Structure formats: structure tokens, C-alpha cells
Amino acid sequence: MKVTVFGVGYVGLVSGTCLAELGNQVVCVDIDAARIERLLAAEIPFHEPGLSDMVRGNVAAGRLSFTSDAAAAVAHGDLLFIAVGTPPAEDGSADLSQVLAVAATIGGQMEDFKVVVNKSTVPVGTGDQVEGVVADALQQRQRADLGFAVVSNPEFLKEGAAIGDFMRPDRVVIGCDSTEVGQRARTLLSRLYAPFNRHHERTLYMDRRSAELTKYAANAMLATRISFMNEIANLADAVGADVDAVRRGIGSDERIGQSFLYAGTGYGGSCFPKDTQALVSTAKLHGLDMQVVQAVERVNQAQKSILLQRVVERFGDDLRGLTFGVWGLAFKPDTDDMREAPSRVVVRGLLERGARVLAHDPVAMANAREQLNADLQDHADLLTRLSLCFSPQDAVAGVDALVIVTEWKAYRSPDFEALAQAMRQQVIFDGRNLYDPAQMREAGFQYVGIGRRSGI
Ligand SMILES: NC(=O)c1ccc[n+]([C@@H]2O[C@H](COP(=O)([O-])OP(=O)(O)OC[C@H]3O[C@@H](n4cnc5c(N)ncnc54)[C@H](O)[C@@H]3O)[C@@H](O)[C@H]2O)c1
């Protein structure tokens with residue numbers, strides 16, 4: 001089938017490439033001409049395991065191409081996917097300007113029937129807005145005779161495991177209405193996604209508004225589990241219990257399940273923080289106060305500072321003369337995404353208290369440098385005490401403590417003897433509970449996890 005994808009970010013590039021891998025003819029278009037240039041030179045603009053080879057293979061096979069020519073891109077696809085950003089506006093609502101700009105482009109350029117498929121995460125009712133913008137543009141061109149359908153097809157992939165998630169989805173949600181064009185769109189999409197339904201039907205058809213809400217509800221539920229476990233962890237610390245034992249104790253209940261029950265330094269990334277805020281904002285517009293989701297976000301904000309709190313409890317508020325190693329800067333492993341990363345709070349907090357910081361991340365160093373420079377642009381003096389290191393070993397040389405923020409595999413089984421020797425003081429603040437507290441104590445470390453005080 002002929003597919004066009006607007007936006008070559010994490011979602012657009014992965015979706016477009018995977019759809020090409022399934023045999024479709026895919027054109028990816030972006031307004032960021034530099035990004036398109038890089039892709040034409042076979043350079044992937046972000047880290048995503050397995051993506052680079054898949055892009056190259058599909059470009060070589062002639063199924064995948066990149067352009068910044070929006071008119072040509074609209075002409076190509078029968079299915080036009082919107083996968084552009086929906087960042088938070090000042091008030092926490094989703095900024096729809098990129099989505100609506102694509103809708104205007106489509107309405108301004110289309111010459112035959114098109115199915116507009118919205119993959120961006122958008123508030124309930126955005127499908128109606130997109131429909132309105134396309135219809136207005138057609139009206140202005142006096143081409144209201146051209147038919148089109150707008151479908152909601154939210155994306156559930158996780159950065160770091162995006163290809164597997166896209167190719168083996170738990171479900172594909174398709175929201176379309178029952179009009180004639182809506183049903184035509186449904187037929188085309190069911191053909192597109194047929195390869196995922198060979199073993200059993202994974203596609204869930206519903207109305208457009210329910211599809212839009214499903215995406216926010218899913219992210220809010222996952223964020224809720226994280227914040228809930230972080231609250232339990234903080235209580236475990238206070239009462240001398242071990243949150244990891246509690247996690248296993250409740251996760252074995254099949255009504256609860258094992259996933260997303262890990263306590264840590266809070267969630268970050270481009271989705272949970274903005275999507276929970278956008279959900280609250282949508283509810284407000286309808287006179288509803290989403291108290292659970294608001295609390296989830298509040299707990300998360302506080303949790304991002306939990307490591308700093310533990311550092312201050314141990315070393316005091318004045319950290320001048322002390323050096324801290326930081327392992328992990330990306331908001332989670334297997335990505336170089338620094339959006340809302342808890343590491344930004346940790347690094348800044350350490351620097352503000354006068355510490356020197358040696359930081360490492362296996363892949364996010366370039367983005368981290370850019371992001372931390374931007375975060376601290378008005379505090380150049382702080383930046384002079386920050387060093388980004390080439391290896392995890394470099395980041396622990398002579399440090400008074402190691403702070404683990406992201407659970408990269410490379411940090412899971414270090415040589416603890418070498419680590420102890422490299423450090424000036426053998427103190428570890430583990431924001432991801434990577435190690436066993438008892439073993440760490442035996443190895444001579446003072447080890448502070450999240451919710452694991454009983455283990456010390
Ligand atoms: N990142 C994730 O893990 C994830 C997962 C599921 C859903 N989502 C949702 O998918 C959407 C995209 O997220 P992302 O992380 O891929 O965004 P991103 O910021 O990585 O990429 C967005 C891309 O869209 C391009 N763009 C902006 N306006 C454009 C236009 N008019 N025409 C063509 N291209 C345009 C930008 O230049 C950029 O390359 C968001 O709504 C997000 O909430 C993201």
C-alpha cells in the first residue's frame with residue numbers, strides 16, 4: 001500500500017520504517033530539512049536499537065524514502081499518517097499546532113481521496129479539528145468534492161524497544177466513525193495491519209473519541225503504577241521495609257501483574273509527563289477535576305528529587321569540595337532522549353550545592369551536553385564543575401559517591417572491587433535499585449537504594 005508519514009521523530013520514523021519492512025511503499029516527510037538531509041545520508045537522528053539497519057535495508061529495497069517536499073508526500077500516500085510532536089503548552093494542554101499544520105497541508109495539496117491517520121497523541125476531539133481544517137482548506141480551493149476520512153490510530157511503542165513494539169503490538173487501536181468514508185478508511189487500515197493479525201486479531205475498532213482517550217488513559221494508568229510504587233517505596237524507607245519484596249508480593253497477584261511496579265527516581269521522557277498533564281487539562285475543559293492523575297504527577301515531581309534528598313541526608317546541604325559520579329543521563333535505557341529526564345534534576349541539584357559532577361551515559365552524551373547546557377545557560381559557573389565522561393570508570397575516579405539514575409545494562413554488573421578502589425568514598429545512591437543491598441554491604445559499600453532501607 002502507499003503510505004506517507006508526516007514527522008520523522010521517534011514515532012514517525014519507526015512507524016514508517018516498519019510499515020516499509022512489511023512491504024508497503026512509504027514516504028516520510030518532515031519540515032526539518034536538516035533531519036531529512038541526514039536521513040538521506042543514512043544517518044539516523046536518534047538512538048533506537050535496530051532502526052538503523054532496518055532503515056538502510058528498506059531504502060536499498062526502494063520501499064522507503066525521505067523528503068521535505070510536502071506536496072509530493074501528500075500526492076504519494078493513500079494513507080497519510082500524522083506523527084508530529086504534541087508538546088505541552090504553557091498551561092499543560094497539548095499544543096496541537098504541528099498536527100493542525102499538517103492537516104492544513106493535506107487539505108491544501110490533496111487531489112484524490114485520502115485517509116488521514118492520526119498517530120500523534122492528541123486530546124479527545126482533535127480528530128474533529130483535523131477534519132475541520134482539511135475541509136476548510138478544500139473549501140478554499142473549491143475542491144470540497146474531494147473525499148477524505150480522519151482516523152485515530154494512537155501509537156503505544158516504547159522508545160528503546162520501539163521496533164519490537166510496533167511489529168508485535170499488544171493491540172492496534174483504530175478509531176473511525178461509521179460514515180461511508182469512515183468505513184472505507186477502516187477497510188484500508190485493516191489491510192495495512194493484517195500482517196499483525198495472523199495469529200489472532202489484535203485490532204480494536206472503536207469510535208474516534210474513544211481511541212483518542214484510550215492512549216491518554218493507558219499512559220496515565222502506567223504513570224499511576226509508577227507513582228504508586230514510589231510512594232510505597234518512600235513509606236518502606238520510613239518503616240524499614242524493602243519495596244522490592246513488596247513489589248514481588250503484590251506483582252504475583254494476577255489482578256495486579258508484575259509490570260511497571262519498580263520504584264525509582266520518577267518517570268521522565270516525552271510522554272508520561274506531558275500526557276498526564278494534557279489529560280488533566282482536557283478534564284478541566286469539561287469541568288472535571290482528575291484528582292488521581294494530578295496526584296500522580298505531583299508524586300513524580302517530588303520523586304525526581306529523592307536522590308538529592310538522600311545525598312543531603314548523608315553529606316549535608318553544602319557539597320562543596322565533594323565529587324559525585326552520575327551513571328545514566330537518558331530518561332530510560334536504550335534511548336538518547338533527555339526530555340524530562342530525572343538526571344537533569346539530579347545533576348543540577350548537585351551542582352547548585354557546590355559539588356563537582358562526573359557524568360556518563362552509554363549513548364545520550366551528545367543530547368545530554370546540549371540539554372544540560374540549555375538547562376544551565378544562565379548559570380555558566382555551575383557548568384564549569386560538570387564533566388561528561390567517556391566511560392563509566394572515568395565517571396567514578398576519585399568520587400565521594402556514585403549516583404545511579406538510569407538502569408542501563410552496562411551498569412548492572414560492574415566490577416565492584418575495581419569500583420571501590422576507584423572511589424574516594426564507597427557510597428552509592430542507587431535510583432534504580434540495581435544491586436542487592438546485603439551484597440553491597442559485604443563488598444564494603446554504603447548503599448542507599450529507593451525503598452530498601454531494611455536491606456542495609
Ligand atoms: N516518543 C514516544 O515514545 C511516543 C510514543 C507514543 C506516542 N508518541 C506521540 O507521538 C507524537 C510524536 O512523538 P515523537 O516523540 O516521535 O516526536 P518528535 O519530537 O521526536 O518528532 C516530531 C517530528 O515532527 C516533525 N514535524 C513537526 N511539524 C511538522 C510538519 N508540519 N510536517 C512534517 N513534520 C513535522 C518535527 O520536525 C520532528 O522531526 C507525539 O504526539 C507523542 O506524544 C510518542
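Residues numbered from 1 in each chain as written. Predicted model: local features only at pLDDT ≥ 70, side-chain atom pairs only at ≥ 80, totals over all residues. Heavy atoms only, no water.

(A) The arrangement of empty space enclosed by the protein in detail. What the rule picks out here adds up to one cavity of 30 Å³ or more. Estimates place the volume of the largest cavity at around 40 Å³. Surrounding the largest cavity, Asn118, Ser120, Thr121, Val122, Ser152, Pro154, Ala211, Glu212 and Lys215 form its lining. Tallying contributions element by element places helix α9 (residues 208–239) first for the lining of the largest cavity, with three residues. (1 Å grid on protein atoms, 1.4 Å probe; cavity = no way out; pocket = protein on both sides within 12 Å on 5 of 7 lines; lining within 4 Å. Points joined across faces, edges and corners; volume = space filled by probe spheres on them. Helix = DSSP H or I, 4+ residues; strand = E, 2+ residues; numbered from the N terminus.)

(B) Spatial organisation of the site of the ligand. Val11, Asp30, Thr86, Glu159 and Lys274 are the nearest of the 25 residues found near the ligand. Contact distances for the ligand include 2.8 Å between a nitrogen atom and a side-chain N or O atom of Glu159. Between a nitrogen atom of the ligand and a side-chain N or O atom of Ser270, the distance comes to 3.4 Å. Protein coverage of the free-state accessible area of the ligand, which is 830 Å², stands at 89%. Among the elements of the structure, α1 (10–21) and α5 (97–109) are those that each provide at least two residues to the shell around the ligand. Its residues assigned to classes, the shell around the ligand shows nine nonpolar, eight polar and eight charged. Counting contributing residues per domain, the shell around the ligand is built from domain 1 (2–206) and domain 2 (208–301), each supplying no fewer than three. (Near = heavy atom within 4 Å. Polar contact = N/O pair within 3.5 Å; in protein donor to acceptor, adjacent residues only side chain to side chain. Areas by Shrake-Rupley, 256 points an atom, 1.4 Å probe, with all protein chains shown as cover. Nonpolar A, V, L, I, M, F, W, Y, C, P; charged D, E, K, R; others polar. Domains from an automatic or database assignment.)

(C) Main features of the sheet that holds strand β11 (residues 386–388). Taking strand neighbours across the sheet as the criterion, the six strands line up as β11-β10-β9-β12-β13-β14 in an open arrangement whose pairing is parallel. Two strands lie at the open edges of the sheet, namely β11 and β14 (446–448), each paired on one side alone. Each neighbouring strand pair of the sheet contributes to a mean axis angle of 20 degrees, computed without reference to strand direction. Relative to strand β10 (residues 356–360), strand β9 (residues 323–327) runs parallel, the two sharing five bridges. Opposite Phe324, over in β10, you have Val357 as the bridge partner. (Pairing = 2+ DSSP bridges. Axes fitted to C-alpha atoms, helices over the stretch in contact; angles between N-to-C directions.)

(D) Structural detail: the packing of α9 against helix α12 (residues 291–303). For the pair α9 and α12, interaxial distance at closest approach is 9 Å and the crossing angle is 55 degrees. With respect to their mutual orientation, α9 and α12 come out oblique. Helix-helix and strand crossings are classified by hand; for α9 and α12 the assignment is left-handed. Facing Ala220, Ala223, Thr224, Ser227, Asn230, Glu231 and Asn234 of α9, the residues of α12 in contact are Val292, Val293, Val296, Val299, Asn300 and Gln303. Here the residues of the contact of α9 with α12 sort into six nonpolar, six polar and one charged. (Parallel < 35°, antiparallel > 145°, perpendicular 65-115°, else oblique. Left-handed = near helix turned anticlockwise from the far one by under 90°. Contact = heavy atoms within 4.5 Å.)

(E) Inspection of helix α10 (residues 243–251) at higher detail. For α10, every residue scored as buried is listed here: Val243, Asp244, Arg247 and Gly251. The arc that holds the buried residues of α10, viewed along the axis, is 100 degrees, so those residues lie on one side. Tucked inside the fold, the buried residues of α10 contact α9. A distance of 2.9 Å separates the backbone nitrogen of Asp244 from a side-chain oxygen at the start of α10, and that oxygen is part of Asp242. (Buried < 20%, exposed > 50% of the residue type's maximum accessible area, 1.4 Å probe, protein only. Arc of directions from axis to C-beta.)

(F) Focus on the pattern of salt bridges. A full pass over the atoms with the stated rule returns 27 salt bridges. In this structure, Asp242 engages Arg452 in a salt bridge whose closest nitrogen and oxygen atoms are separated by 3.0 Å. Of the two residues, Asp242 is situated in the loop between α9 and α10 and Arg452 in the segment after β14; the sequence distance between them amounts to 210 residues. Across the pair, Arg452 and Asp242 agree in class, each one buried. Taken together, the salt bridges that share partners define one network made up of Glu111, Arg141, Arg143 and Asp145. (Salt bridge = Lys/Arg side-chain N within 4 Å of Asp/Glu carboxyl O.)

(G) The domain arrangement of the chain, seen in detail. For the chain, the assigned domains are domain 1 (2–206), domain 2 (208–301) and domain 3 (304–456). Each of domain 1 and domain 2 has a C-alpha centre, and these two points are 28 Å apart. Across the boundary between the two partners, domain 1 contributes 29 residues, which contact 17 residues of domain 2. Both faces combined, the contact of domain 1 with domain 2 buries some 1,900 Å², and carbon together with sulfur accounts for 57% of it. Together, Thr121, Val124 and Met206 form the three largest contributors to the area buried by domain 1 at its contact with domain 2, with a combined 29%. (Buried area = accessible area lost by both parts, 1.4 Å probe.)

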